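Fold and contact review
Residue strings, one per chain:
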Amino acid sequence: MITDQEKAIYYLTKAKILVEEVCESNGDDDHILPLGANRVLIEVVDALKEEIDRANDYEEYDPG
């Protein structure tokens, strides 16, 4: 059984992959999304990477 932490990391990783794919599909010249969208998408990917790293380092509190 997976923990809530593992589930969160899984979904964050999937979201990062999906946003990276949209960014790549959009291209450097913003073929699909409005001008400047890739800059925002890159910031989203960076934020997701940071949260994934933080979640991987997190140790659940064990009162035991």
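Above this note sits the structure.
Notes on the structure follow. (Residues numbered from 1 in each chain as written. Predicted model: local features only at pLDDT ≥ 70, side-chain atom pairs only at ≥ 80, totals over all residues. Heavy atoms only, no water.)

1. A few points about the environment of Ile-52
With respect to the helices and strands, Ile-52 occurs in helix H2 (residues 37-57). A relative accessible area of 9% places Ile-52 in the buried class. Expressed as a C-alpha distance, the spacing of Ile-52 and Glu-20, which sit 32 residues apart in the sequence, is 15 Å. Those residues in contact with Ile-52 that lie beyond four places of it in its chain are Ile-9, Leu-12, Thr-13 and Lys-16. (Helix = DSSP H or I, 4+ residues; strand = E, 2+ residues; numbered from the N terminus. Buried < 20%, exposed > 50% of the residue type's maximum accessible area, 1.4 Å probe, protein only. Contact = heavy atoms within 4.5 Å.)

2. Brief notes about a negative patch on the surface
On the surface, Glu-43, Asp-46, Glu-50, Asp-53 and Asp-57 cluster together into a patch of negative charge. For Asp-57, a relative accessible area of 63% translates into the label exposed. (Patch = residues over 30% accessible without salt bridge, like charges linked within 9 Å, V, L, I, M, F, W, Y side chains within 5 Å. Areas by Shrake-Rupley, 256 points an atom, 1.4 Å probe, with all protein chains shown as cover. Salt bridge = Lys/Arg side-chain N within 4 Å of Asp/Glu carboxyl O. Lys, Arg positive; Asp, Glu negative; His and termini not counted. Charge placed at Lys NZ, Arg CZ, Asp CG, Glu CD.)

Without other data, these values stay purely geometric and don't point to any function.
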